[in-house]
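Overview (structure and organization)
Each chain, written out:
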Amino acid sequence: MIDFIRDNIQINNNITWIEPFLGSGSVAFNLAPKKALLSDSNPHIINLYKSIQNNKLTPEEIADHLKIEGNELAQKGESHYYQIRKRFNQDKNAKDFVFLNRCCFNGLIRFNKKGEFNVPFCKKNDRFRKALITKIYNQFVAVRERILLSEWDFVCQSWEETLINTNSNSFTYLDPPYVGRHTDYYSSWDEKDAHKMISAIEKLKGGYALSMWFENRYRKNLYLQNFEKFASFRYFSHFYHLGGSEQNRNKMIEALVIHPDYVKQNLLKNDLNSLVDIEFNNHISA
Ligand SMILES: C[S@@+](CC[C@H](N)C(=O)[O-])C[C@H]1O[C@@H](n2cnc3c(N)ncnc32)[C@H](O)[C@@H]1O
């Protein structure tokens, strides 16, 4: 997906990258713009990256924390997971947030109506083996390096507030939640938001790209028709597996809706007639 975005948008090194639905930050971290405004409505995501930026939290501290709590988890099992979850919901500690995120069910980030993290345990007591801790440590070293080398602002705010900062020298990348999927204390997205976003994007200053599913085996995303009169489209197709069975092999086409002036002119044009199917190895559990 990252390569697909990189191959289809035309931006220069001086732009400010604006990403109002940051999530894990995988797009910004991989594309590595020099200047960026990175925001999300979830304060725990923003707090984690800000803590790394101002050196309040180091990759070494994260790895030590995972080692200690991972050992306890291996000995005590899920009661320890729920103890850390309770502690996080009281103290909102960024290290506990990383711990929970790495051993909760499917790596989900969800909060109940009271703003409490409520994802259950992944049920693997020996989750934090040495190899996993080393991998997480290396990821945070790379994240810290990237943040410290760049001029990035992390802000906790709604997508609409973030879009106020767009200008002729910015490029905005939007990856909003799915309408109708789970909404929680920090993350809400309904038909009204989706509708508001159409005119917000049309009026946006500078460039933009919006990521969204276009078509699967059963349905087409009719919402995307709203962008046809003013934006360009590029497509990317892949297969995913439900429950790991070959019979449940499903094709999904993703779209990138791009400001026409910012479309990279490729020899391999990603239009609907020249799609190359990509097989994803990640199997989605039913
Ligand atoms: C689909 S995810 C983004 C995934 C991201 N591209 C990544 O690489 O992980 C959507 C994100 O939008 C955030 N979000 C949900 N509602 C929001 C809102 N009203 N304003 C800003 N962010 C919101 C969620 O917290 C979530 O992190």
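Structural notes, computed from the coordinates. (Residues numbered from 1 in each chain as written. Predicted model: local features only at pLDDT ≥ 70, side-chain atom pairs only at ≥ 80, totals over all residues. Heavy atoms only, no water.)

1. Some remarks on the overall build of the protein
Counting its regular elements, the protein contains nine helices and eight strands. Since a compact globule built from 286 residues should have a radius of gyration of about 19 Å, the 20 Å found for the protein is in line with a globular shape. Along the three orthogonal principal directions, the C-alpha set of the protein runs to about 60 × 45 × 35 Å. Across the 286 residues that make up the protein, the buried fraction comes to 45%. When contacts within the protein are restricted to residue pairs at least 6 apart in sequence, those whose partners lie at least 24 apart make up 69%. Entry remark: accessible area of the protein is about 15600 Å², with carbon and sulfur atoms responsible for 47%. (Helix = DSSP H or I, 4+ residues; strand = E, 2+ residues; numbered from the N terminus. Rg over C-alpha atoms; globule rule 2.2 N^0.38 Å. Buried < 20%, exposed > 50% of the residue type's maximum accessible area, 1.4 Å probe, protein only. Contact = heavy atoms within 4.5 Å. Areas by Shrake-Rupley, 256 points an atom, 1.4 Å probe, with all protein chains shown as cover.)

2. Quick look at the nonpolar core
Membership of the largest hydrophobic core comes to 55 residues, with the highest contact counts inside it found for Trp17, Tyr81, Phe99 and Phe128. Taken domain by domain, this core gets at least three of its residues from each of domain 1 (2-41 + 157-284) and domain 2 (53-143). Trp159, Leu204, Trp213 and Phe214 belong to the second largest nonpolar core, which has 27 residues in total. (Core = buried A, V, L, I, M, F, W, Y, C linked by side-chain atoms within 4.5 Å. Domains from an automatic or database assignment.)

3. What to know about the environment of Lys35
Secondary-structure assignment places Lys35 in strand 2 (residues 35-40). Look at Lys35 and you get partly exposed, because its relative accessible area is 33%. Counting along the chain gives 118 residues from Lys35 to Asp153, while the straight-line C-alpha distance between them is 8.3 Å. The contact partners of Lys35, leaving out residues within four places of it in the chain, are Asn14, Ile15, Thr16, Trp17, Glu151 and Trp152.

4. Comments concerning the side chain of Asp96
The topology assignment puts Asp96 in helix 6 (residues 94-103). Exposure remark for Asp96: the relative accessible area of 1% places this residue in the buried category. Polar side-chain contacts of Asp96 include one of 2.8 Å to the side chain of Arg87. Residues contacting Asp96, with those up to four places away along its chain left out, are His65, Ile84, Arg87 and Phe88. (Polar contact = N/O pair within 3.5 Å; in protein donor to acceptor, adjacent residues only side chain to side chain.)

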